[in-house]
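# Chain and residue survey
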Amino acid sequence: MAGKIQDQVQQASSIQRNQVLEDFRWAITSRHASLMGRKEVFMGKAKFGIFGDGKELAQVAMARAFQKGDFRAGYYRDQTFMMALGELTVQQYFAQLYAHTNVVADPASAGRLMNGHFATRSLNEDGSWKALTTQYNSAADVSPTAAQMPKLLGLAFASKLYRNNKSLKDLTDFSVHGNEVAWGTIGNASTSEGMFFESLNAAGVLQVPMVVAVWDDGFGISVPKEFHTTKGSISEALLGLQRTTTEKGFEILRVKGWDYEALVQAFAIAGRLAREEHVPVLLHVEEMTQPQGHSTSGSHERYKSKDRLQWEKDWDCILKFREYIISSGFATADHLDELEAEAKGEVKRQKDAAWNEFNGEIKSELDQALALIRLIAEKSSRKIALLQLADDLKKTINPIRKDVVSTVRKCLFLLRTEGDEIKKELANWYNQLQEKNQDRYNSHLYSQTEFSVGHCKQIPAHVTEDSPLVDGREILQAFFDYTLEHNPRFFALGEDVGKIGDVNQAFAGLQAKHGEWRVMDTSIRECTIIGQGIGAALRGLRPMAEIQYLDYLLYGIQLLSDDLATLTYRTKGGQKAPLIVRTRGHRLEGVWHSGSPMGMILSSLRGMIVCVPRNMTQAAGMYATLLQSDEPALVIECLNGYRLKEQMPQNIGEYTVPMGIPEVLREGKDLTVVTYGSMCRIVLDAASELAEIGISLEVIDVQTLLPFDTQGIIGQSIQKTNRVLFADEDVPGGGTAYMMQQVLDHQGVYAYLDAAPQTIAAQAHRPAYSTDGDYFSKPSVEDLVEKVYQIMHESNPKKFPAL
Ligand SMILES: Cc1ncc(C[n+]2csc(CCOP(=O)(O)OP(=O)(O)O)c2C)c(N)n1
């Protein structure tokens, strides 16, 4: 018996020794990756570098507490953590540094992002979900500091839902009883951002399993922490969040970034509290260092004192780890030196492999280009110039794709007057290469799988004469009721969405009917409402996040733009977050309750679907389409449409409205007006008035702005009317300019136009208050009538004399 216990003790201590040495190996591997990474940038082999040196020890500790099914949402310092988990090889790390566009070489971003942007792949190649509970997961990083926080909240919130919403219990690929922890990392300076505070407060309120580790190295680039944080310490500043024996809140832990044992213990405690009790934890890791400074963009000698630089050397976490290992008797200095030499050799080997693969692809393209140019040169009258271009290309040091393509394009330009026979081969090769480059650099803005909106089933709304006339909001209410019943993954959240069923009553009674885990209230925090939705959508749920009024989308637009809209693109189809953002806008009064900032939306949300339904029947059909697909979307309902009467379709919940297909609301022959949303009614009223004086308008509702008229319906209309006016209530140069550009650039209508294409929009300022304010700020029926009349007058002044 005694022998057995002895064995167990020995086994335990050998496991511990293995663990410590394994952690040392990852820490030192990661350190050498950082050191070599910086050199690669200075040798001109990579454009920029930001590294995780000085933060290694905390990350091996975090990796120990991280379990399958868990999610990380962090930032650019986390290479050690990803390596220790086995989710990032050194070769992949360098592939990203070089911007290798192959998704196998760089599975996180396919060369689309700066180095240090980590992600695991949640999706199979066909866009279907992998079993997330059987893998380690990292949400895809973004560069804006603290923008990882709102989705971190959502990732943690998903566990809360999976634990409490019994109808989700079969979704075991996504959660096992909501036991998954969402682990966040953030730099100390970035905790000054509003998103950080908003996310922490929400996590405390919601009591979600979220661990936030703050990597505190005392600086935010050059600015010391006293300038960033009250009392110079985020854990001090946030003491009010600390839970007590009687009140829920956060657990706040502080630990030094060089203290291995304390780190392992702290992360283990944090993980347990979050996982078992759903208590959020703030883990403030202090006394971290930055041996090579912030990034390759500058040197920290410029702003750190000599004393500080010396302190950073003395308290380097790897140095301290070595001391700890030796003093605890886990290994001798010689043994650690050996391990380090091995790790260094391995980093070099993998770095070289990454470079050879990256460079090899380019070199092969370069060689092919050179061979073709030289061949053609022999037959061409521009021989000397072509050979010169080829020679210049050959001499380029560390050539990149741009060098090859730009040389080939110059050659083709030189060859423009020569026959096809001479240049055909080069031109064909170039076209094929450009197809590949399109895929490398410009693909996956939207889903390229069967889960895209384009693949959704089209089912028309079934309305008969007997279909009852109801308030528009009742159509939405019936739709949401149906969807809550039929789709267990669907839930809605937002300010006033739960108890009263949103301020316009589309969810009225649905919380009482379907429960608080399906239809829920949030506090006033647009940014993290969206983050909550993004995080939950990343974990297989179908959230509908409500922004009470379109004007307040501004609080969330940064996150939508930087995170949600770029997600498919920046992971090259590796992750998806099918979040629907629901809001209402257009046509009320005053600066903050009537906006229609479509230009802002259209410019910043490429990568999302943007729907602008003219009524609630269309809105419900659009929601049905979106819920069939996996693409993120913004739907802007008409604020003045909830009480207007519409006929209730018999197949509510099932009919769909296709994306990118405009609808001709009124046929006409003199002029096409292209519009959407609330403006449809104004344009239709104007059309009726104009009909009385013999002007026939064709009125088109575009229905969705992204995608835009994928079948060229507007162009066909212009071929008939030969005149076009784009109308909306955004500022001039906003939504109307976008629509005009889409039609002119993509629909070849120039030759059919008898009059200059024109726009009519609101005044350039935000609208004035009250009905009069609306009338004088936004396009009215009279404005429309006069504008159209003016265009017709220019065509036929006799028939339509000047006003
Ligand atoms: C919203 C935003 N503002 C500014 C930057 C530029 N920037 C990148 S890193 C950084 C400092 C971050 O410091 P800290 O959070 O302490 O993290 P550390 O780099 O020290 O680990 C700044 C200002 C950014 N990426 N995003």
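This one's a predicted model, so the numbers in the text were calculated from it and none came from an experiment.

### Some details on the sheet that holds strand β13 (residues 580-585)
Judged by pairing direction, the sheet is mixed, and its seven strands sit side by side in the order β11-β10-β12-β13-β15-β14-β20 without closing on themselves. Of all the strands in the sheet, the pair left with one neighbour each is β11 (519-521) and β20 (704-706). Strand-to-strand twist in this sheet, taken as the mean axis angle between neighbours without regard to direction, amounts to 20 degrees. One ladder, built from three bridges, connects strand β12 (residues 542-546) with β13; its direction is parallel. Note on β13: the bridge partner recorded for Glu 546 is Arg 582.

### Some remarks on helix α2 (residues 56-65)
Of all ten residues making up α2, nine are buried, and the element is well covered by its neighbours. By the burial criterion, the buried members of α2 are Glu 56, Leu 57, Ala 58, Gln 59, Val 60, Ala 61, Met 62, Ala 63 and Ala 65.

### Considering the pattern of salt bridges
Tallied over the full model, the rule gives 52 salt bridges. Here Glu 22 ties to Arg 25 by a salt bridge, and the two come within 3.4 Å at their closest N and O atoms. Taken as a pair, Glu 22 and Arg 25 lie in helix α1 (residues 2-42) at a separation of three residues, close to a single helical turn. Classification of Arg 25 by relative accessible area gives partly exposed; the value is 33%. Arg 243 serves as the salt-bridge partner of Glu 251, at 2.7 Å between the closest nitrogen and oxygen. According to the relative accessible area criterion, Glu 251 is buried, its value standing at 15%. Given a relative accessible area of 26%, Arg 243 falls into the partly exposed group.

### A few points about the pairing of strand β15 (residues 633-638)
A large share of β15 lies buried, amounting to six of its six residues. Residues Ala 633, Val 635 and Glu 637 line one face of β15 and the alternating positions Leu 634, Ile 636 and Cys 638 line the opposite face, and both faces are buried. Relative to β15, β13 runs parallel, the two being bridged by six bridges. Note on β15: the bridge partner recorded for Thr 583 is Ile 636. By the bridge criterion, three bridges tie strand β14 (residues 609-611) to β15 in an arrangement that is parallel. In the sheet register, Val 610 faces β15, and the bridge partner there is Leu 634. Handedness of the crossover is the feature at issue here: the chain leaves β14, passes through helix α21 (residues 616-628), returns alongside β15, and the resulting connection is right-handed.

### Observations concerning the environment of Gln 647
With respect to the helices and strands, the residue Gln 647 is situated in strand β16 (residues 645-647). The class of Gln 647 is partly exposed, set by a relative accessible area of 29%. Not counting the four nearest positions on each side in its chain, Gln 647 is found in contact with Val 463, Thr 464, Glu 465, Ser 467, Pro 468, Leu 469, Ile 475 and Thr 617. A polar atom in the side chain of Gln 647 sits 2.9 Å from the backbone oxygen of Ser 467.

### Looking at the confidence of the model for the chain
Of the residues in the chain, 98% reach a pLDDT of 70 or more, and the chain-wide mean stands at 96. Low pLDDT (under 50) marks residues 1-13, which in the prediction has zero contacts with non-local residues, meaning those over four places away or in another chain.

### Quick look at the packing of helix α11 (residues 333-379) against helix α14 (residues 420-442)
Where α11 contacts α14, the axes come no closer than 9 Å and their chain directions differ by 160 degrees. With respect to α14, the element α11 is oriented roughly antiparallel. Of the two elements, α11 crosses α14, and the hand of that crossing is left-handed. Across from Glu 361, Glu 365, Gln 368, Ala 369, Leu 372, Ile 373, Leu 375, Ile 376 and Lys 379 in α11, the residues of α14 making contact are Glu 421, Ile 422, Lys 423, Glu 425, Leu 426, Trp 429, Leu 433 and Arg 440. Split by residue class, the contact of α11 with α14 holds nine nonpolar, one polar and seven charged.

### Concerning the packing of helix α22 (residues 679-691) against helix α26 (residues 781-795)
Two numbers describe how α22 lies on α26: the axes approach to 9 Å, and their chain directions differ by 55 degrees. Between α22 and α26, the interaxial angle falls into the category oblique. Viewed along their axes, α22 and α26 form a crossing whose handedness is right-handed. Between α22 and α26, the residues in contact are Met 679, Ile 682, Val 683, Asp 685, Ala 686, Glu 689 and Leu 690 and Val 781, Leu 784, Val 785 and Val 788, respectively. Of the residues belonging to the contact of α22 with α26, the class tally is nine nonpolar, no polar and two charged.

Reading the values: the criteria
- Residues numbered from 1 in each chain as written.
- Predicted model: local features only at pLDDT ≥ 70, side-chain atom pairs only at ≥ 80, totals over all residues.
- Heavy atoms only, no water.
- Pairing = 2+ DSSP bridges.
- Helix = DSSP H or I, 4+ residues; strand = E, 2+ residues; numbered from the N terminus.
- Axes fitted to C-alpha atoms, helices over the stretch in contact; angles between N-to-C directions.
- Buried < 20%, exposed > 50% of the residue type's maximum accessible area, 1.4 Å probe, protein only.
- Salt bridge = Lys/Arg side-chain N within 4 Å of Asp/Glu carboxyl O.
- Right-handed = clockwise from strand over helix to strand, strands pointing away.
- Contact = heavy atoms within 4.5 Å.
- Polar contact = N/O pair within 3.5 Å; in protein donor to acceptor, adjacent residues only side chain to side chain.
- pLDDT = per-residue confidence, 0-100.
- Parallel < 35°, antiparallel > 145°, perpendicular 65-115°, else oblique.
- Left-handed = near helix turned anticlockwise from the far one by under 90°.
- Nonpolar A, V, L, I, M, F, W, Y, C, P; charged D, E, K, R; others polar.

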